[in-house]
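Close look at the chain arrangement
Below are the chains, spelled out letter by letter.
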Amino acid sequence: MSDLETDLEFQIRAFKLPEPVREYRFNPERRWRFDFAWPKFKIAMEVEGGILIQGRHTRGGKAFIADCDKYNAAVSMGWRILK
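Okay, so let's go over this structure. All values reported here derive from a predicted model rather than from experimental measurement.

**Topic: the pairing of strand 2 (residues 33-38)**
Both faces of the sheet carry side chains from a regular strand, because those side chains alternate between them. With respect to burial, strand 2 is a largely interior element, five of its six residues being buried. Pairing between strand 1 (residues 21-25) and strand 2: four bridges, direction antiparallel. Each residue of the ladder has a partner; that of Arg25, found in strand 2, is Arg33. Counted between consecutive antiparallel strands, the loop separating strand 2 from strand 3 (residues 43-45) contains four residues, among which Lys42 sits at a positive phi close to 55°.

Printed below as a string of structure tokens:
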């Protein structure tokens, strides 16, 4: 778990939000997972680290495109994604 995910998990507990499912696999046909998910409500939260330091999600574009595919598929399945 990254430092950002640890911080977010702390904030979720501090605000007494419902406990999320970590690394929730939302699509049975793909290996995609959400960092945090509330399946009952179809709400997911993704931590996007490293956008200003050329992290995985922005370096070269391939991972960014893969994330867009994942998010688009999730939305088409009725999920709401917070980042």
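**Quick notes on the sheet that holds strand 3**
The four strands are arranged 1-2-3-4 in an open sheet whose pairing can be described as mixed. In this open sheet, the two edge strands, each paired with only one partner strand, are strand 1 and strand 4 (80-82). For this sheet, the mean angle separating the axes of adjacent strands, direction not counted, is 45°. Those strands touched by helix 1 (residues 3-14) are strand 1, strand 2 and strand 3, and its axis lies near 5° from that of strand 2.

**Focus on the pattern of salt bridges**
Opposite charge on two side chains makes pairing possible when the charged atoms of those side chains draw close. By the definition in use, this model includes five salt bridges. For the salt bridge of Arg13 with Glu9, the shortest nitrogen-to-oxygen distance reads 4.0 Å. Pair noted here: Arg13 and Glu9 are both in helix 1, with a separation of four residues, about one helical turn. A relative accessible area of 16% places Glu9 in the buried class. A salt bridge links Glu19 to Arg13, with the nearest nitrogen and oxygen atoms 3.3 Å apart.

**A closer look at the nonpolar core**
In terms of nonpolar packing, the biggest core is built from eight residues, these being Phe26, Trp32, Phe34, Ala37, Ala44, Ala73, Ala74 and Trp79. Of all the secondary structure elements, the ones that give two or more residues to this core are strand 2 and helix 2 (62-76). The residues contacting Trp79, other than those within four sequence positions of it, are Tyr24, Phe26, Phe34, Ala37, Trp38, Pro39, Lys42, Ile43, Ala44 and Ala74. Listed in part, the six residues of the second largest apolar core include Ile12, Phe36, Met45 and Val47.

Scoring rules and cut-offs
- Residues numbered from 1 in each chain as written.
- Predicted model: local features only at pLDDT ≥ 70, side-chain atom pairs only at ≥ 80, totals over all residues.
- Heavy atoms only, no water.
- Buried < 20%, exposed > 50% of the residue type's maximum accessible area, 1.4 Å probe, protein only.
- Helix = DSSP H or I, 4+ residues; strand = E, 2+ residues; numbered from the N terminus.
- Pairing = 2+ DSSP bridges.
- Axes fitted to C-alpha atoms, helices over the stretch in contact; angles between N-to-C directions.
- Contact = heavy atoms within 4.5 Å.
- Salt bridge = Lys/Arg side-chain N within 4 Å of Asp/Glu carboxyl O.
- Core = buried A, V, L, I, M, F, W, Y, C linked by side-chain atoms within 4.5 Å.

The values are spatial; any link to function lies outside them.
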